[in-house]
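Breakdown of the fold
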Amino acid sequence: MKISVARNSGFCFGVRRAIQIAEEVAGKNDKPTYVYGQLVHNEAVVNKLKGKGIIFEDKIENIPDNAVAVLRAHGEPGTTYVSLEKKSITGKNLNDATCPLVTLVHNVAKKLKAAGYEVIIFGKHDHPESIGTSFYIRGKDTFIAEKPEYAGKVVEYIKKNNFGKVAIISQTTMSVDGYKKLIESINALLGKEKFEGIHLSMNDLGKKYGFVDTICNPTKQRQLGTQELARLADIMIVVGGKNSSNAKELAHKCEEIGVETHYVQDETQLKGEWFEEKEHAGVAAGASTPDETINKVVEKIREMTEKREKEIKIS
Ligand code: SF4
């Protein structure tokens, strides 16, 4: 059995940076370090950090006043900073691990809004990144299109409200093909007027309907690497956390290609029968999956398939 790992699998620089910030802060402070929310969407990584004394809190009210806090990579709405300030968690005590590429999306949203655009997000309603970005648009009333199939609803929303200018941006971890499909479908429904690309430099804000490519490069490269391998392998194992939006997207990409795909959190969820009569297993992993977990998955597949090959030879 040949086992290959997709190019650009595993930690992206934003996740690596967030973990490094949390570890450094915890290492240099005598007081406990609190992380607000799931720093990254991977249970194994979170548990390892808990082992280093880091405390994870989903509610700001549970973080004590004057505490040392770290904010996750996904970005926060402005209300988070206000609530933390009320608890005197500012300055050196506030360590913001928001990925710079998420901050870039916030800035794009702010500039579009300031230029008079109604801003729509291609993203997941309950994902912290979309929640954070929504703050800079219309808060919880921001229109979020979760899938390309939402094109009809987007057009309905635009027509019903008769907006002068509309712009679409994307959560950084969404599907590249999905975003393209959403824009194409909207354009097909709109008729004469079309959504056109607006460059990230935001130099051209005169267009009536525009979209900005805010899917981050690490996500694009990871999706590409996974698709390349999914076309060659006859089974794909995608490794990611329960709530990892980008890892689930990779699994979806593999399924679209038509290869048998299984989504696992770690090697303990692998089943020997999946690999029967297979010759090439591909492994892909989301941005918050550590190399250690990827290696264990590869090793377990090797172990299971070598055992089976030996049994076949003996019989
Ligand atoms: S997926 Fe992209 S935006 Fe998100 S943390 Fe990684 S590099 Fe940053």
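Our subject in this report is the structure included herewith. (Residues numbered from 1 in each chain as written. Predicted model: local features only at pLDDT ≥ 70, side-chain atom pairs only at ≥ 80, totals over all residues. Heavy atoms only, no water.)

1. Notes on the overall build of the chain
A tally of regular secondary structure across the chain gives ten helices and 13 strands. Taking 2.2 N^0.38 as the reference for a compact globule, 315 residues should give roughly 20 Å; the C-alpha atoms of the chain span a radius of gyration of 22 Å, in line with that estimate. Expressed along its principal axes, the backbone C-alpha trace of the chain runs to roughly 75 × 60 × 25 Å. By the burial criterion, 53% of the 315 residues in the chain qualify as buried. In the structure as shown, the chain presents an accessible area of about 15300 Å², 49% of it carried by carbon and sulfur atoms. Between the mean site of the 46 positive side-chain charges and the mean site of the 43 negative ones, the chain shows a separation of 5 Å. (Helix = DSSP H or I, 4+ residues; strand = E, 2+ residues; numbered from the N terminus. Rg over C-alpha atoms; globule rule 2.2 N^0.38 Å. Buried < 20%, exposed > 50% of the residue type's maximum accessible area, 1.4 Å probe, protein only. Areas by Shrake-Rupley, 256 points an atom, 1.4 Å probe, with all protein chains shown as cover. Lys, Arg positive; Asp, Glu negative; His and termini not counted. Charge placed at Lys NZ, Arg CZ, Asp CG, Glu CD.)

2. Some thoughts on empty space enclosed by the protein
Applying the stated criterion to the full structure yields one cavity of 30 Å³ or more. The volume enclosed by the largest cavity comes to roughly 300 Å³. Along the walls of the largest cavity sit 25 residues, with C12, V15, H74, T173 and A287 positioned nearest its centre. Broken down by secondary-structure element, the contributors of at least two residues to the lining of the largest cavity are α1 (13–28), α4 (100–114), α8 (217–232) and α9 (245–257). Looking at the lining of the largest cavity, its residues break down into twelve nonpolar, eleven polar and two charged. (1 Å grid on protein atoms, 1.4 Å probe; cavity = no way out; pocket = protein on both sides within 12 Å on 5 of 7 lines; lining within 4 Å. Points joined across faces, edges and corners; volume = space filled by probe spheres on them. Nonpolar A, V, L, I, M, F, W, Y, C, P; charged D, E, K, R; others polar.)

3. Concerning the site of the ligand
Near the ligand, the surroundings consist of C12, F13, G14, C99, L101, V102, T172, T173, C216, P218 and T219. Among the cavities detected, the one that contains the ligand is the largest cavity. The set of elements that each furnish at least two residues to the shell around the ligand consists of α1, α4 and α8. Considering only residue class, the shell around the ligand consists of seven nonpolar, four polar and no charged. If you count residues domain by domain, the shell around the ligand takes at least three from each of domain 2 (13–99) and domain 3 (101–215). (Near = heavy atom within 4 Å. Sits in = over half its atoms within 2 Å of the grid points. Domains from an automatic or database assignment.)

4. What about helix α3 (residues 78–86)?
Among all positions in α3, only G78, T80 and L84 are buried. Viewed end-on, α3 has its buried residues packed into an arc of 155°, placing them on one side of the element. In this fold, the buried residues of α3 make contact with β2 (33–36), β4 (68–71) and β5 (94–96). Positive phi appears at S88, one or two residues downstream of α3, with a value of about 60°. (Arc of directions from axis to C-beta. Contact = heavy atoms within 4.5 Å.)

As far as function goes, none of this settles anything; it's purely spatial.
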